[in-house]
Amino acid sequence: MSLNPTSKPVLAVIGVGPGIGEAVSHHFASKGFTVALIARTEDKLAKIQTTINSEHGDTASKYYVADARSESSLQSTFASIRSDLGPVNVLIYNAGSRRFTPRTILETSSEEFESFTKINLFGAFFASKLVLPDMLAKGSGTILFTGATGSIRGSGGLSSFSPGKFGLRSLSQIITREFQSRGIHVAHVLIDGPVESDLVGGVVKRRWERSGESDKLAEKDLYLMQPKDLAGIYWYLYTQPRSTWTQELDVRSQREQMFSKM
Ligand SMILES: NC(=O)c1ccc[n+]([C@@H]2O[C@H](COP(=O)([O-])OP(=O)(O)OC[C@H]3O[C@@H](n4cnc5c(N)ncnc54)[C@H](OP(=O)(O)O)[C@@H]3O)[C@@H](O)[C@H]2O)c1
C-alpha cells in the first residue's frame, strides 16, 4: 500500500537533526510535501517524524535510517523511498561533519579525513545519482546542497572539513552545467556562520552563558542563523521561477563578521 496515497510531491532530506534538517522538513511538509527524513540515529528521527506528522498529517513525513557515507545504504534507502512515497522531486543534502577544536593536518588522522569527506561530499554524489534519473524523466527536479564558510575558504585546523565542502560546491556547479537545461535546478546554499542548532550554535550559546553575555542570549537571531529562517531560504530557491534560477546563495546573520574571515 502506498504511504503517499494522494501523490504529494516528495522531498528527501539527507542529514536530519534538530537544526536545518528538521526545519526544512517541517517547512516543506507545511506546504504539502511528503518528506523522507534520513539520518543515522533512529530515535531522533522518530521524534522528528512524530512532531511533523502531528502538525501536518500522517503522510507528512517518514523516516529512513541510513549512512550517507555508504553508497549501498543510500541505494537501498532510495529504493524504499521510491516504493513507499514515489519518485523524489526535491533532494536536500544537508549532512555535514566538522570538528570544533581545530587540528593541523599533521594532527588529523587519515581516517577522520576520509570519514568526514564521505559525509560532506561522497553522500551528495551518491544521492544525486539516485534521484536524477526520475527527475530527468519528468523534466523537472530540485537539488539543494548545504554549504558552509569552509566551502570557499580554507581555514587552518579544518583539513578534514573544507576539502569536502569545496568539492560539494563544485559538484553543485557541475550538475547545474550538465542538467539545468533539462529542467534540473541545483543550488548551493553557503551558510556563512553559525546556526542555532545542536552543533555549532549550541557551543556558541554555552560560551555566552559561561561568559555572562545575556544580551546575546536575548537576541540570538542577531548572531545565530535561525533554522526556520533558513528553511524559508530553501523554499524560496525551490519556488524560483525558471527564468530566474539561483545557483548559489550565501547567508549570514546580521552581526556575523563576514570580512574577518576573508
Ligand atoms: N550548525 C552550524 O552552525 C552550521 C554552519 C554552517 C554550515 N552548516 C552546515 O549545515 C549542515 C547541518 O545542519 P545543522 O547544523 O543545522 O544540523 P542538523 O540539521 O541539526 O543535523 C544534521 C544531521 O546530519 C546527520 N548526519 C551526519 N552525518 C550523516 C551521515 N553520515 N549519514 C546520514 N546523516 C548524517 C546527523 O544525524 P545522525 O548523526 O543521526 O546521522 C545530524 O543530526 C551541514 O552541512 C553543515 O556543514 C552548519
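Computed from a predicted model, the values in this text were never measured in an experiment.

What counts and how
Residues numbered from 1 in each chain as written. Predicted model: local features only at pLDDT ≥ 70, side-chain atom pairs only at ≥ 80, totals over all residues. Heavy atoms only, no water. Axes fitted to C-alpha atoms, helices over the stretch in contact; angles between N-to-C directions. Helix = DSSP H or I, 4+ residues; strand = E, 2+ residues; numbered from the N terminus. Parallel < 35°, antiparallel > 145°, perpendicular 65-115°, else oblique. Left-handed = near helix turned anticlockwise from the far one by under 90°. Contact = heavy atoms within 4.5 Å. Phe/Tyr/Trp six-rings, centres within 6.5 Å; stacked < 30°, edge-to-face > 60°. Buried < 20%, exposed > 50% of the residue type's maximum accessible area, 1.4 Å probe, protein only. Lys NZ or Arg CZ within 6 Å of the ring centre and 35° of its normal. Polar contact = N/O pair within 3.5 Å; in protein donor to acceptor, adjacent residues only side chain to side chain. Core = buried A, V, L, I, M, F, W, Y, C linked by side-chain atoms within 4.5 Å. Near = heavy atom within 4 Å. Areas by Shrake-Rupley, 256 points an atom, 1.4 Å probe, with all protein chains shown as cover. Nonpolar A, V, L, I, M, F, W, Y, C, P; charged D, E, K, R; others polar.

## So, the packing of helix α1 (residues 20-30) against helix α2 (residues 42-56)
- Across the interface, α1 lies against α2 with an axial gap of 10 Å and an inter-helix angle of 25°. Here α1 is positioned roughly parallel relative to α2, judged by the angle of their axes. Here α1 runs over α2; the crossing is right-handed. Contacts from Glu22, Ser25, His26, Ala29 and Ser30 in α1 reach Ile48, Thr51, Ile52, Glu55 and His56 in α2.

## As for the packing of aromatic side chains
- On inspection of all chains with the given rule, the structure shows nine aromatic pairs.
- For the pair Phe125 and Phe126, a centre-to-centre distance of 6.3 Å together with 65° between the ring planes defines the contact as edge-to-face.
- For Phe126, a relative accessible area of 10% corresponds to the buried category.
- Of the aromatic side chains, those joined through ring pairs into one cluster are Phe28, Phe33, Trp235 and Tyr238.
- Positioned above the aromatic ring of Phe161, the side-chain terminus of Arg98 is 5.8 Å from the ring centre.
- Lys216 extends its terminal NZ or CZ atom over the ring of Tyr223, reaching a point 5.3 Å from the ring centre.

## Considering the side chain of Ser61
- Mapped onto the secondary structure, Ser61 falls in strand β3 (residues 61-65).
- Here the side chain of Ser61 touches Asn53 through a polar contact of 2.7 Å, side chain to side chain.
- The contacts of Ser61, once residues within four sequence positions are left out, are Thr34, Val35, Leu37, Gln49, Ile52 and Asn53.

## Re the environment of Ile81
- By secondary structure assignment, the location of Ile81 is in helix α3 (residues 71-84).
- Residue Ile81 is classed as buried on the basis of its relative accessible area, which comes to 0%.
- In sequence terms Ile81 and Tyr64 are 17 residues apart; their C-alpha atoms lie 8.3 Å from each other.
- When residues no more than four places from it in sequence are discounted, the contact partners of Ile81 are Val10, Ala36, Ile38, Tyr64, Gly86 and Val88.

## Quick look at the nonpolar core
- Judged by nonpolar contacts, the single largest core of 33 residues is most densely connected at Ile14, Phe78, Ile81, Ile143 and Phe145.
- Among the elements of the structure, β1 (10-14), β2 (34-39), α3, β4 (90-93), α4 (110-138), β5 (141-148), α5 (162-179) and β6 (184-191) are those that each provide at least two residues to this core.
- Among the elements that line this core, the one with the most residues is α4, at nine residues.
- Ala29, Leu144, Ala187 and Val189 belong to the second largest nonpolar core, which has 31 residues in total.

## A short note on the site of the ligand
- In the region of the ligand, 29 residues are neighbours, and Gly19, Ile20, Arg40, Thr41 and Lys44 sit closest.
- In this structure, an oxygen atom belonging to the ligand sits 2.6 Å away from a main-chain N or O atom of Gly19.
- Backbone polar atom of Asn94 to an oxygen atom of the ligand: 2.9 Å apart, as the coordinates give it.
- Protein chains shield 91% of the accessible area of the ligand, which is 880 Å² for the free molecule.
- Broken down by element, the residue count for the shell around the ligand peaks at three residues, all from β5.
- In terms of residue class, the shell around the ligand is built from 14 nonpolar, eleven polar and four charged.

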